[in-house]
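One-letter residues, chain by chain:
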Amino acid sequence: EVWVRKVEWKEGALEEGASTFGIVDFFDYESVATPIMATLSPAFDFATTYKVNLDDVLLRYLATESLLVELNVTKRGADFDVIARSSIPMASLLEAYRPVLVLPHEPLYSVKSGQIQGHMHVEIRLAVPVVELYRAFLANHPEECAAIEQVVKARAQEARADPVEG
């Protein structure tokens, strides 16, 4: 389950009266959109649930990939522009006996400048813990374990390089 609760834009990030909505991209599922809201602090309170097959492909995806949430501003008609996004690693869900990731202040980065344009409150949760299944997957696939370790190292290096606050 992915729950986009609310977004708070920094002053000047949007024009007054702008309408925004979010798009959630997960795994190989079709993207889903939040409702459109005309406020600088939209309380989307939007949840989407995915029924998944817990197999090696999904475990590797959760270990190495990120949930993508894009925030968009509407234009005339059905047109819109992507203005900010957040890429949320989900690997911590695999090692948790209570697989819930609560991010009350997740940064939203401008697609143009890379600077922080606002923050969102998002929650991600698995219905059941997968710790033992994930550990068995790693034990049975040492080559996957090595590849996942490389991704974890690369993420750690990226995290050390502080993003530009703006």
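Provided above is the structure to which this section pertains.
Residues numbered from 1 in each chain as written. Predicted model: local features only at pLDDT ≥ 70, side-chain atom pairs only at ≥ 80, totals over all residues. Heavy atoms only, no water.

Novice: I tried to follow unusual backbone geometry on my own but got confused; where do I start?
Specialist: For residues other than glycine, phi is negative in most cases, and the peptide bonds are mostly trans. Even without glycine at this site, phenylalanine 27 takes up a positive phi of about 50°. Secondary-structure assignment places phenylalanine 27 in the loop between strand E2 (20-25) and strand E3 (32-33). Even without a glycine there, the phi angle at aspartate 45 is positive, about 45°. By secondary structure assignment, the location of aspartate 45 is in the loop between E3 and strand E4 (46-48). (Helix = DSSP H or I, 4+ residues; strand = E, 2+ residues; numbered from the N terminus.)

Novice: Would you take a moment to explain the sheet that holds E3 for this structure?
Specialist: Across a sheet, paired strands are connected by hydrogen bonds in the backbone, their directions being either parallel or antiparallel. Overall, antiparallel pairing links the 8 strands, which are arranged E3-E2-E5-E6-E7-E8-E1-E4 in an open sheet. Bordering the open sheet on either side are E3 and E4, each of which pairs with just one other strand. Two elements, strand E1 (residues 2-9) and E4, share 3 bridges in a ladder whose sense is antiparallel. Looking at the pairing, valine 2 lines up with threonine 48 of E4. (Pairing = 2+ DSSP bridges.)

Novice: Explain the pairing of strand E6 (residues 80-89) here, please?
Specialist: Within a regular strand, side chains alternate between the sheet's two faces. Pairing analysis gives 9 bridges linking strand E5 (residues 66-74) to E6, with the strands arranged antiparallel. Paired with serine 66 across the two strands is proline 89, which belongs to E6. Once E5 ends, the chain turns through 5 residues before running back antiparallel as E6, passing glycine 77 with a positive phi of about 70°. Note: E6 against strand E7 (residues 100-110), 2 bridges, orientation antiparallel. When the bridges of E7 are listed, arginine 85 appears paired with tyrosine 109.

Novice: Explain the environment of valine 122 here, please?
Specialist: Relative to the assigned elements, valine 122 resides in strand E8 (residues 116-125). Among the residues examined, valine 122 registers a relative accessible area of 0% and is labelled buried. Taking C-alpha positions, valine 122 is 17 Å from glutamate 65, a pair spaced 57 residues apart along the chain. Not counting the four nearest positions on each side in its chain, valine 122 is found in contact with Val2, Trp3, Val4, Ile88, Leu101, Val102, Leu103 and Glu106. (Buried < 20%, exposed > 50% of the residue type's maximum accessible area, 1.4 Å probe, protein only. Contact = heavy atoms within 4.5 Å.)

Novice: What is the right way to read the packing of helix H2 (residues 131-140) against helix H3 (residues 142-160) from this model?
Specialist: In helix packing, the relevant descriptors are the interaxial angle and the interaxial distance, both defined with respect to the helix axes. Running from N to C, H2 and H3 cross one another at 110°; their axes reach a closest spacing of 5 Å. Relative to H3, the element H2 lies roughly perpendicular. Here Tyr134, Phe137, Leu138, Ala139 and Asn140 of H2 come into contact with H3, specifically with Pro142, Glu144, Cys145 and Ile148. When grouped by side-chain class, the residues that make up the contact of H2 with H3 number 7 nonpolar, 1 polar and 1 charged. (Axes fitted to C-alpha atoms, helices over the stretch in contact; angles between N-to-C directions. Parallel < 35°, antiparallel > 145°, perpendicular 65-115°, else oblique. Nonpolar A, V, L, I, M, F, W, Y, C, P; charged D, E, K, R; others polar.)

Novice: Sorry if this is basic, but what is going on with the pattern of salt bridges here?
Specialist: Counted under the stated rule, the structure contains 9 salt bridges. Two residues, aspartate 81 and lysine 75, come together in a salt bridge whose shortest N-O distance is 3.6 Å. Its relative accessible area of 40% is what places lysine 75 among the partly exposed residues. Residue arginine 135 pairs with glutamate 95 through a salt bridge whose shortest N-O separation is 3.3 Å. One end of the pair, arginine 135, is in helix H2; the other, glutamate 95, is in the loop between E6 and E7, and 40 residues separate them in sequence. When its relative accessible area of 40% is taken as the criterion, arginine 135 is described as partly exposed. Counted as one network, the salt bridges with shared partners bring together Glu1, Arg5, Glu123 and Arg125. (Salt bridge = Lys/Arg side-chain N within 4 Å of Asp/Glu carboxyl O.)

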